[in-house]
There are 2 protein chains.
Amino acid sequence: MPESKITSVEVARLAGVSQSAVSRVFTPGASASKQTAEKVRKAASELGYRPNVLARAMVSGKSRIIGLLVAYLDNQFYPDALERLSSVLQDQGYHLLVFMAGKDASNVDNIVDEMLDYRVEGIIAASVSMSAKLAERCQRLGVPIVFFNREQNDKTRFSVTSDNYAGGYTVAEYLLSLGHKRISYIAGWEYASTQFDREAGFNAALTKHNMQCFGRAVGNFTHEGAAVATRQLVEQGLPDAIFVANDHMAFSVMDTLRHEMSLSIPGDVSIVGYDDVPIASWPAYSLTTVRQRANQMVSKTVEIIVAQIEGEALEPLQIKIDAPLIVRNSTAPNNQTTSA
Amino acid sequence: MPESKITSVEVARLAGVSQSAVSRVFTPGASASKQTAEKVRKAASELGYRPNVLARAMVSGKSRIIGLLVAYLDNQFYPDALERLSSVLQDQGYHLLVFMAGKDASNVDNIVDEMLDYRVEGIIAASVSMSAKLAERCQRLGVPIVFFNREQNDKTRFSVTSDNYAGGYTVAEYLLSLGHKRISYIAGWEYASTQFDREAGFNAALTKHNMQCFGRAVGNFTHEGAAVATRQLVEQGLPDAIFVANDHMAFSVMDTLRHEMSLSIPGDVSIVGYDDVPIASWPAYSLTTVRQRANQMVSKTVEIIVAQIEGEALEPLQIKIDAPLIVRNSTAPNNQTTSA
DNA sequence: AAGAACCAAAAAAACGTTTTATGTTTCATG
DNA sequence: CATGAAACATAAAACGTTTTTTTGGTTCTT
């Protein structure tokens, strides 16, 4: 019958040992004789004792809390990643304290301060950037940061992304191989490295084949923005194919083309996305896309951050997870009489 | 230039005051003269001092941490709610520590223990149930629990849900008003109160009109499960209309009917969902559904939990937020020659 | 048999705050 | 001018642990 607030002192009293003996029994590293361990464990379970993590954190400096900074969760990729992240960390005895950055990055500094107030042992910044000064400050305080799905210009940081450049490159080559000539691009938020790298790879491949992007509009990674961008793009002239900077926008693009403009996909226009969120495989969209291997990205992120927390001195690293093209039914060979 | 680990003692030294003076300047309630406050603030900002939340939590008993227990995030309703929840709490100076319960509820007890180890000030259990004993234990420890989107049998707890019974009732009446005769139901996870109440309300309305449910299959709230359930249901005979226990499954049902069975929605079958997640309004689905007002549900949840944390003694309450039917294009009047 | 060497346990220090008890100063009031 | 009440500041206790230091009892060596 567990009472309200049981401390190690009371367990010690019941077990007839010192308070520090209780502590040692409950700390993995420490040593205690079999006898005392037995007595302590018995008393503890009798009283329903559980160590106070906060008190432990105070003196040991280990809060077992990792701060997660995230801007939004409406792109399905993030809840999915969050779920895995949380599970994996949980298995290692860490937990995520969640901080929403909101759409504007203006207050990231304040939020990071709040995180540090909780003495988080590490920070995972998902789809959020950070001033070099701020990142430097965390580093100095011994709080490792890993950027998840966002790379910093500053190459002295850790980041885990898919290979966005290669992904974009592959998409362009694939669309060219289908015989498409007028290939357009719908961009995400201009200041995101994911956006930038995907487009750079995409353009590099086009250039290599002596082509250039047929049209371009900005969707800012939002559903509504993508619809607007689609209209702009089509006004400039109908493309054969559109590469959309992520799946979340691609769905909006497909809906707009199909239901607003009565165009057929892939008959009139081929569409390629990026992420391979679960919805992409749903028959309603069956979206050809580039897979971000969420599992691997999460594992790597956790591996890096835990290693740093446990004192390993790693060299700053920009991990890029291989990102394969998943071909579905939103793309088809170009069957139009090309160039008039 | 902020140094590594600044404590109130060092600020006190620089400001030429006692350490407790520093504390009082940084605790909202406490009083301090303008002069000292000024000196302290200056010294603090010079050193980059920020109070250690964990240390504060130790002595004051206020961790400003709220535990969020959640089973899964693939139903878009939850990330959406989580985002709002986190933002609202953040504004009030609380933060969410996330715990994934996983699919099996077997280990909920352990997870709640872990939460308590962190001295969370309250627990929000989203789409997760809890043994009466466990809930009782938290109560006794002074840690309030609010069940979000899940009601406990035990009416001595707090819960916030939409009015699932009324919602289900409305759906049945609406489908009947469209002239449908063969109305089937795809259930969620059988042990969820949301599932139970929606179906109960639905059946009550059918009964009232001297009808009964034409067919029933269980989808367990999963995408794949819903596809299987759809096949089972259709094998039993094609319904005029299907009420699906949530949107997440309804999308799968629609996809299966349309792309696997080449049926038209709403031409051959009308579909109604529950939740009104953002995807429901996308043209690809344009799903008629019952709206759960996530904003209101979140506000109420936060209101209740914060009030209890701050010491108000509320009566246990089962809040049911009004849940309006949102009619879109997945439903239409029955145009079939009825009953042969 | 005496000292070293070890070991388990206990005692005490530390972590960085808030809170309580105790002083001190100021200031108005009789 | 003395007095009591505010108002503020300080010192010290407390929070519940881990970690370091001290203690005391064995066992081993020589």
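Notes on the structure in this doc start here. (Residues numbered from 1 in each chain as written. Chains lettered and ligands numbered in written order. Predicted model: local features only at pLDDT ≥ 70, side-chain atom pairs only at ≥ 80, totals over all residues. Heavy atoms only, no water.)

Residue and element names in this part refer to chain B. As for its position among the elements, Arg 198 is in helix H9 (residues 193–208). At a separation of 2.7 Å, a polar atom in the side chain of Arg 198 contacts the side chain of Asn 164. What Arg 198 contacts, discounting residues up to four positions off in sequence, is Asn 149, Asn 164, Gly 168, Tyr 185, Phe 243, Ala 245, Asn 246, Tyr 274, Asp 275 and Gln 292. (Helix = DSSP H or I, 4+ residues; strand = E, 2+ residues; numbered from the N terminus. Polar contact = N/O pair within 3.5 Å; in protein donor to acceptor, adjacent residues only side chain to side chain. Contact = heavy atoms within 4.5 Å.)

To continue, consider the relation of the copies chain A and chain B. Each copy of the sequence occupies a distinct position, and chain A is placed on chain B by a rotation of 180° and an axial shift of 0.0 Å, giving an RMSD of 0.1 Å. With respect to symmetry, the two chain copies, as superposed, fit the operation of a two-fold axis. In terms of C-alpha distance to the rotation axis, chain A has Leu 97 of chain A as its closest residue, with the C-alpha 2.2 Å off the axis. Of the residues that chain A buries at the interface, 100% are likewise interface residues in chain B, meaning the two copies contact each other through the same surface. (Least-squares fit on C-alpha atoms with pLDDT ≥ 70 in both.)

Before going further, it helps to examine the protein's contact with DNA strand C. Within the structure, DNA strand C sits among 23 residues, and Ser 18 and Ser 33 of chain A together with Gln 19, Ser 23 and Arg 56 of chain B are positioned closest to it. In the model, a phosphate oxygen of DNA strand C is placed 3.1 Å from a nitrogen or oxygen of the Thr 36 of chain A side chain. In this structure, Ser 8 of chain B approaches DNA strand C through a main-chain N or O atom, which is 2.8 Å from a phosphate oxygen. Considering every element that reaches the surface near DNA strand C, the biggest residue donor is helix H4 (residues 53–60) of chain B, with four residues. Considering only residue class, the surface near DNA strand C consists of eight nonpolar, twelve polar and three charged. (Near = heavy atom within 4 Å. Nonpolar A, V, L, I, M, F, W, Y, C, P; charged D, E, K, R; others polar.)

Now for helix H1 (residues 8–15) of chain A. Residue and element names in this part refer to chain A. What H1 keeps buried is the set Ser 8, Val 11, Ala 12 and Ala 15. Here the buried residues of H1 occupy an arc of 100° about the axis, which is enough to place them on one side. Along its buried surface, H1 packs onto helix H2 (19–26) and helix H3 (34–47). Remark: Gly 16 follows H1 within two positions and exhibits a positive phi of approximately 70°. (Buried < 20%, exposed > 50% of the residue type's maximum accessible area, 1.4 Å probe, protein only. Arc of directions from axis to C-beta.)

As a further point, take the pattern of salt bridges. Following the criterion strictly, the structure yields 33 salt bridges over all chains and no others. Here Asp 322 of chain A makes a salt bridge to Arg 293 of chain A, at a shortest N to O gap of 3.0 Å. Of this pair, Asp 322 of chain A sits in the loop between strand E11 (318–321) and strand E12 (325–326) while Arg 293 of chain A sits in the loop between strand E10 (288–291) and helix H12 (294–309), placing them 29 residues apart in sequence. Its relative accessible area of 46% is what places Asp 322 of chain A among the partly exposed residues. Among the ionic pairs, Asp 275 of chain B bridges to Arg 198 of chain B, the shortest N-O distance being 3.9 Å. Within this pair, whereas Asp 275 of chain B is found in strand E9 (residues 270–275), its partner Arg 198 of chain B is found in helix H9, the two being separated by 77 residues in sequence. (Salt bridge = Lys/Arg side-chain N within 4 Å of Asp/Glu carboxyl O.)

On to the interface of chain A and chain B, then. Every contact between the two is made by 53 residues of chain A and, on the other side, 53 residues of chain B. For the chain A and chain B pair, buried surface summed over both sides reaches about 4,900 Å², with 61% attributable to carbon and sulfur atoms. Per-residue buried area on chain A facing chain B is highest for Leu 54, Tyr 118 and Trp 282 of chain A; these three make up 15% of the total on that side. Counting the contacts that link chain A with chain B gives two salt bridges. The partner of Arg 50 of chain B in a salt bridge is Asp 117 of chain A, and the shortest N-O contact between them spans 2.6 Å. Inspection of the chain A/chain B interface yields 19 residue pairs in polar contact (both at pLDDT 80 or more). (Buried area = accessible area lost by both parts, 1.4 Å probe.)

Taken together, the side chains of Met 58 and Val 59 of chain A together with Met 58 and Val 59 of chain B present a nonpolar region at the surface, about 430 Å² in accessible area. Of all the secondary structure elements, the ones that give two or more residues to the nonpolar patch are helix H4 (53–60) of chain A together with H4 of chain B. On the secondary structure map, Val 59 of chain B appears in helix H4. A relative accessible area of 72% places Val 59 of chain B in the exposed class. (Patch = residues over 30% accessible without salt bridge, like charges linked within 9 Å, V, L, I, M, F, W, Y side chains within 5 Å. Areas by Shrake-Rupley, 256 points an atom, 1.4 Å probe, with all protein chains shown as cover.)

Attention shifts here to the sheet that holds E9 of chain B. All names here are of chain B. Here we have six strands laid out as an open sheet, ordered E7-E6-E8-E9-E10-E12, and mixed in their pairing. At either margin of the open sheet sits one strand with a lone partner, and together these are strand E7 (215–218) and strand E12 (325–326). The sheet strands contacting H9 are strand E6 (183–187), E7, strand E8 (241–244) and E9, and the helix crosses E6 at an angle near 170°. Each of E6, E7 and E8 is contacted by helix H10 (residues 223–235), which is oriented at about 155° to E7, the strand it contacts most. (Pairing = 2+ DSSP bridges. Axes fitted to C-alpha atoms, helices over the stretch in contact; angles between N-to-C directions.)

Moving on, we come to the sheet that holds strand E2 (residues 95–100) of chain A. Pairing is mixed across the open sheet formed by twelve strands, whose spatial order is E11(A)-E5(A)-E4(A)-E3(A)-E1(A)-E2(A)-E2(B)-E1(B)-E3(B)-E4(B)-E5(B)-E11(B). Only two strands of the sheet have a single partner each, and these edge strands are E11 of chain A together with strand E11 (318–321) of chain B. Across the sheet, the mean angle separating the axes of adjacent strands is 20° when strand polarity is ignored. The pairing of strand E1 (residues 65–70) of chain A with strand E3 (residues 122–126) of chain A spans five bridges and is parallel. Residue pairing for E3 of chain A: Val 70 of chain A is matched across the bridge by Ala 126 of chain A. Across the sheet, helix H5 (residues 77–91) of chain B lies against E2 of chain A together with strand E1 (65–70), strand E2 (95–100), strand E3 (122–126) and strand E4 (145–148) of chain B, angled at about 75° from E2 of chain A, the strand it touches most.

So, on to the protein's contact with DNA strand D. In the neighbourhood of DNA strand D, 25 residues make up the surrounding shell, with Gln 19 and Ser 23 of chain A together with Arg 24, Ser 33 and Thr 36 of chain B lying closest. Backbone sugar and phosphate groups make up 62% of those atoms of DNA strand D lying within 4 Å of the protein. Between DNA strand D and Arg 56 of chain A there is a distance of 2.9 Å, counted from a phosphate oxygen to a side-chain nitrogen or oxygen. A distance of 2.9 Å separates a phosphate oxygen of DNA strand D from a polar backbone atom of Ser 18 of chain B. Counting only elements with at least two residues in the surface near DNA strand D, the list comes to H2 and H4 of chain A together with helix H2 (19–26) and H4 of chain B. Within the surface near DNA strand D, the residues separate by chemical class into ten nonpolar, twelve polar and three charged.

Moving on to the pairing of E6 of chain B. Residues and elements named next belong to chain B. Counted residue by residue, E6 has five buried out of five residues, so it is predominantly covered. Here E6 shows two buried faces, one formed by Ile 183, Tyr 185 and Ala 187 and the other by Ser 184 and Ile 186. Of the pairings in the sheet, the one linking E6 to E7 comprises four bridges and is parallel in character. Residue Ala 187 lies in a different strand from E7, and its bridge partner there is Val 218. The parallel pair E6 and E7 is bridged by H9, and the resulting crossover is right-handed. (Right-handed = clockwise from strand over helix to strand, strands pointing away.)

Another point: unusual backbone geometry. Between Ile 265 of chain A and Pro 266 of chain A the backbone carries a cis peptide bond, its omega angle lying at 5°. Examined against the element boundaries, Pro 266 of chain A turns out to sit in the loop between helix H11 (247–260) and strand E9 (270–275). Even without being glycine, Asn 149 of chain B reaches a positive phi, approximately 60°. The residue Asn 149 of chain B is located in the loop between E4 and strand E5 (158–162) in this model. Even without a glycine there, the phi angle at Ser 262 of chain B is positive, about 50°. Its place among the elements puts Ser 262 of chain B in the loop between helix H11 (247–260) and E9. The exposure class assigned to Ser 262 of chain B is exposed, which follows from its relative accessible area of 61%.

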